[in-house]
Amino acid sequence: MATKGMSALAMGAAVAPLKARQIEAAYKIAKERFAALGVNTDKAIRAALAVPISVHCWQADDVKGLEVKDGATDGGGIQATGNYPGAARNGDEIRADFDFALTLLPGTWKFNLHAMYAETGGKRVDRNELTPRHFARWIDWAASRKLGLDFNPTCFAHPMVKDGLTLSSEDKGVRAFWIEHCIACRKIGQAMARRLGPCVTNIWIADGRKDATADRWGPRERLIGSLDKVLARKMSPNVDAVESKLFGIGLEDYTVGSNEFYLLYAQSRGAVPCFDLGHFHLTESVADKLSGALSFVDKLLIHASRPIRWDSDHVTRLNDDVKAVCDEAVRGNAVDRIYWALDFFDASINRVAAWAIGSRTVRKGLLRAMLEPHALAVKAEYAGNGAAKLALAEYREELPFGAVWDYLCLKAGVPAGLNWLDAVAGYERKVLAERC
Ligand code: RNT
Ligand code: ZN
């Protein structure tokens, strides 16, 4: 383990831990403040704890996967940067890390797997030959923890990615391989759903061109053909999602699966569009898209991520984007119409802490949204009272939201405040350090 580890970062004596009695006292006052605005904090806590949020397995090992490979491939347009020690090296370690992370996470959680996390007993099994059997250990583990699973075909980091293309390749053999892989994944999603409840199988491909794209039409036509084959057979209760993107590394000029493409594809085929917070122009508001898209599709998948200057997949924080997405979901009574998921990979910090920060953040955002005195703002808006609306929005920032969040953590039996940092430092010392 590097000398500068979590122990040095853990607050220990530097920050006095939050005590239950402090949290309860602060909550009592906070509850009154919110009640004065017509907001029931107990109800908000219950609702926020009940929302299933899917935590991605790939933060545990920097999107490496568990495959037995027969050669190196490029990352396929996604890249984890950093070399903080202690990355998980196999399925057991990922499961152990998440078991520990769960002790820090309040509420209802799912786990999100990628096909590259198949456990094939040391044998090389190509992606088009994967079956639910190769995920048996994941499924048993999830069942024993009462966790739902979500799933993703892995259409990158593989020799069958030809000239940056998979499902949209002009090579029929390449397309056939990835079609088979995606169908195999839908069957795996179905097996997961049968055993554990709703499973979203989300297709993301990096397909695109680096520069001066000459043919934008052909790849999109072929992608439609491929996706139609992938989705041809009903595979309920598996839920199919498609994830758009603006650009990828080395594919800056053209992405076949753009937002318009997938939004309309999903709408016309009864699939679920996935909005990743990092997959749009940086000034574009994903929050604003919710009421637009959900007017025409039943469900959305959100990948809560955090772009810095580009789709950098930084750990999700309670920034304006996340707040706004949560606000819009709650305001539109659409929390249940969204599959909430995380998507980030930071290899430069303790990975369990990354999970804790990002996962707690999304639930925090939902709680914050559920505590909004929204009815008052709507009333002011329709009364043409712009000043009152603005004042309310400002006042919202002053409300003791943190006290309600701390109480939610206390109720859920997980550490509040920064108390969880010391626990992660302990896990790093005991478990992660052994991996070096
Ligand atoms: C990539 C997409 C995608 C991946 C995962 C690993 O830009 O966001 O969701 O991050 O499938
Ligand atoms: Zn994503």
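Summary of the structure given here. (Residues numbered from 1 in each chain as written. Chains lettered and ligands numbered in written order. Predicted model: local features only at pLDDT ≥ 70, side-chain atom pairs only at ≥ 80, totals over all residues. Heavy atoms only, no water.)

## Observations concerning the coordination of the zinc ion (ligand 2)
At step 1: For the zinc ion (ligand 2), every protein donor is listed as Glu243 (OE), Asp276 (OD), His303 (ND1) and Asp343 (OD), and the spread of their distances is 2.1 to 2.2 Å.
At step 2: If you look at the zinc ion (ligand 2), its six donor atoms make angles of 69 to 162° with each other, and the shape they trace is octahedral.
At step 3: Mapping the donors of the zinc ion (ligand 2) onto the primary sequence gives the spacing E-x32-D-x26-H-x39-D. Of this pair, Asp276 sits in strand β8 (residues 272-276) while His303 sits in strand β9 (residues 300-304), and the two are 27 residues apart along the sequence. The same class applies to Asp276 and to His303, which are both buried. (Donors = N, O, S within 2.8 Å, 3.2 Å for Na, K, Ca; no water. Tetrahedral: all angles 85-135°; square planar, octahedral: opposite > 155°, others 65-115°. Helix = DSSP H or I, 4+ residues; strand = E, 2+ residues; numbered from the N terminus. Buried < 20%, exposed > 50% of the residue type's maximum accessible area, 1.4 Å probe, protein only.)

## So, the pairing of strand β4 (residues 199-203)
At step 1: Taking burial as the measure, the five residues of β4 include five buried ones, the bulk of the element.
At step 2: The alternating pattern of β4 places Cys199, Thr201 and Ile203 on one face and Val200 and Asn202 on the opposite face, and all of these are buried.
At step 3: Sheet topology note: the β4/strand β6 (residues 238-243) ladder contains five bridges and is parallel. Looking at β6, one finds that Asn202 is bridged to Ala241. (Pairing = 2+ DSSP bridges.)

## Let's talk about the side chain of His134
At step 1: Among the structural elements, His134 can be located in the loop between β2 (109-114) and α5 (136-145).
At step 2: Taking relative accessible area as the criterion, His134 reaches 8% and is therefore assigned buried.
At step 3: When near neighbours in sequence (up to four residues on either side) are disregarded, His134 contacts Ala118, Glu119, Thr120, Val125 and Glu129. (Contact = heavy atoms within 4.5 Å.)

## Section: the site of ligand 1
At step 1: As a matter of local geometry, ligand 1 sits amid Trp58, Ile78, His114, Trp204, Glu243, Lys245, Asp276, His279, His303, Asp311, Asp343 and Phe345.
At step 2: Side-chain polar atom of Glu243 to an oxygen atom of ligand 1: 2.7 Å apart, as the coordinates give it.
At step 3: The contact in question runs from an oxygen atom of ligand 1 to an N or O atom on the side chain of Asp276, over 3.0 Å.
At step 4: Classifying every residue of the shell around ligand 1 gives four nonpolar, three polar and five charged. (Near = heavy atom within 4 Å. Polar contact = N/O pair within 3.5 Å; in protein donor to acceptor, adjacent residues only side chain to side chain. Nonpolar A, V, L, I, M, F, W, Y, C, P; charged D, E, K, R; others polar.)

## Observations concerning the environment of Trp109
At step 1: With respect to the secondary-structure elements, Trp109 resides in strand β2.
At step 2: In contact with Trp109, other than residues within four places in its own chain, are Ile53, Val55, Leu102, Leu147, Gly148, Ser359, Arg360 and Arg363.
At step 3: Among the polar contacts listed, one links the side chain of Trp109 to the backbone oxygen of Leu105, at a separation of 3.3 Å.

## As for the pairing of β9
At step 1: Taken across its five residues, β9 has five buried, putting it largely inside the fold.
At step 2: Along β9, one buried face is formed by Leu300, Ile302 and Ala304 and the opposite face, lined by Leu301 and His303, is buried too.
At step 3: Pairing of β8 with β9, which is carried by three bridges, proceeds in the parallel orientation. Residue pairing for β9: Asp276 is matched across the bridge by His303.
At step 4: As for the winding sense of the linkage, the β-α-β connection from β8 through helix α9 (residues 286-293) to β9 is right-handed.
At step 5: Summarising the sheet, β9 and strand β12 (residues 338-342) pair through five bridges and their orientation is parallel. (Right-handed = clockwise from strand over helix to strand, strands pointing away.)

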